Amino acid sequence: MISLAYLYIFLQSNILEIPIYWLCFRKNLSFKSTAISVTAINSLTHPIVFFVFMNFHQSYLQNILLAEAFAISTEALFFSRVLKLSWPSAIFASVLANLISWQLAPMLTYLIAK
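Now for a look at the structure at hand. No experiment lies behind these values; they were computed from the predicted model shown.

### As for the layout of surface pockets
Phase 1 of the analysis: Here the largest pocket defines a volume of roughly 440 Å³.
Phase 2 of the analysis: In this structure, the largest pocket is lined by 21 residues; those nearest its centre are Ile9, His46, Ile64, Trp102 and Ala105.
Phase 3 of the analysis: Elements with a contribution of two residues or more to the lining of the largest pocket: helix 1 (4–25), helix 2 (31–51), helix 3 (60–82) and helix 4 (87–113).
Phase 4 of the analysis: Looking at the lining of the largest pocket element by element, the count peaks at 6 residues for helix 4.
Phase 5 of the analysis: Taken together, the residues of the lining of the largest pocket break down into 10 nonpolar, 8 polar and 3 charged.

### Things to note about helix 2
Phase 1 of the analysis: For helix 2, spanning 21 residues, the distance from its first C-alpha to its last is 29 Å, which sits close to the expected 30 Å at 1.5 Å a residue.
Phase 2 of the analysis: Every buried residue of helix 2 is accounted for by Thr34, Ala35, Ser37, Val38, Ile41, Asn42, Thr45, His46 and Val49.
Phase 3 of the analysis: Buried residues along helix 2 sit in contact with helix 1 and helix 3.

### Considering a nonpolar patch on the surface
Phase 1 of the analysis: Nonpolar side chains collect at one region of the surface, where Tyr8, Leu104, Met107, Leu108, Tyr110, Leu111 and Ile112 lie side by side and expose about 690 Å² of accessible area between them.
Phase 2 of the analysis: Here the element with the most residues in the nonpolar patch is helix 4; it accounts for 6 residues.
Phase 3 of the analysis: Of note, Tyr110 is situated in helix 4.
Phase 4 of the analysis: Note on Tyr110: relative accessible area 52%, which makes it exposed.

### Structural notes on the packing of aromatic side chains
Phase 1 of the analysis: What the rule picks out here adds up to 11 aromatic pairs.
Phase 2 of the analysis: When the centroid spacing of 5.2 Å and the interplanar angle of 75° are considered together, the rings of Phe78 and Phe79 count as edge-to-face. Across the pair, exposure class does not vary: Phe78 and Phe79 are buried alike.
Phase 3 of the analysis: Every member of this aromatic cluster is reached through a ring pair, and the members are Tyr6, Phe10, Phe50 and Phe51.

### Quick notes on unusual backbone geometry
Phase 1 of the analysis: One non-glycine residue with positive phi stands out, namely Lys84, at about 60°.
Phase 2 of the analysis: When you line up the elements, Lys84 lands in the loop between helix 3 and helix 4.
Phase 3 of the analysis: Judged by relative accessible area, Lys84 falls into the exposed class, the value being 68%.

### Observations concerning the packing of helix 3 against helix 4
Phase 1 of the analysis: Orientation of helix 3 relative to helix 4, taken along the N-to-C sense of each, is 140°, at an axis distance of 8 Å. In this structure, helix 3 crosses over helix 4, and the sense of that crossing is right-handed. Facing Tyr60, Ile64, Glu68, Ala71, Ile72, Glu75, Ala76, Leu77, Phe79 and Ser80 of helix 3, the residues of helix 4 in contact are Trp87, Ala90, Ile91, Ser94, Val95, Asn98 and Trp102.
Phase 2 of the analysis: In terms of residue class, the contact of helix 3 with helix 4 is made up of 12 nonpolar, 3 polar and 2 charged.

Calculation criteria
- Residues numbered from 1 in each chain as written.
- Predicted model: local features only at pLDDT ≥ 70, side-chain atom pairs only at ≥ 80, totals over all residues.
- Heavy atoms only, no water.
- 1 Å grid on protein atoms, 1.4 Å probe; cavity = no way out; pocket = protein on both sides within 12 Å on 5 of 7 lines; lining within 4 Å.
- Points joined across faces, edges and corners; volume = space filled by probe spheres on them.
- Helix = DSSP H or I, 4+ residues; strand = E, 2+ residues; numbered from the N terminus.
- Nonpolar A, V, L, I, M, F, W, Y, C, P; charged D, E, K, R; others polar.
- Expected span 1.5 Å × (residues − 1).
- Buried < 20%, exposed > 50% of the residue type's maximum accessible area, 1.4 Å probe, protein only.
- Contact = heavy atoms within 4.5 Å.
- Patch = residues over 30% accessible without salt bridge, like charges linked within 9 Å, V, L, I, M, F, W, Y side chains within 5 Å.
- Areas by Shrake-Rupley, 256 points an atom, 1.4 Å probe, with all protein chains shown as cover.
- Salt bridge = Lys/Arg side-chain N within 4 Å of Asp/Glu carboxyl O.
- Phe/Tyr/Trp six-rings, centres within 6.5 Å; stacked < 30°, edge-to-face > 60°.
- Axes fitted to C-alpha atoms, helices over the stretch in contact; angles between N-to-C directions.
- Left-handed = near helix turned anticlockwise from the far one by under 90°.

The structure is reproduced here in structure tokens:
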């Protein structure tokens, strides 16, 4: 069973990434299509990042770098292969969305929990 804490983290990450992807893909995808696509691919990548990569027996920095490389590449492949978006725009959007959620999510969690 998924804990409420994990569900919060997943939803927060997803909510942060959807607008970034939409801004990058708005010429090709509607907001609704973007939201559905981002949620679908995050449903695959996020649990692997959170439960697998972040539990490697390395430093936090090494774990997060591996996890983000996995998420960025998997999400870019999804957008380029499944949704037929160009590879440069898919990789750019994926890097941007994942870096923003990686940076803002902990700050938001801190501010909300305060």
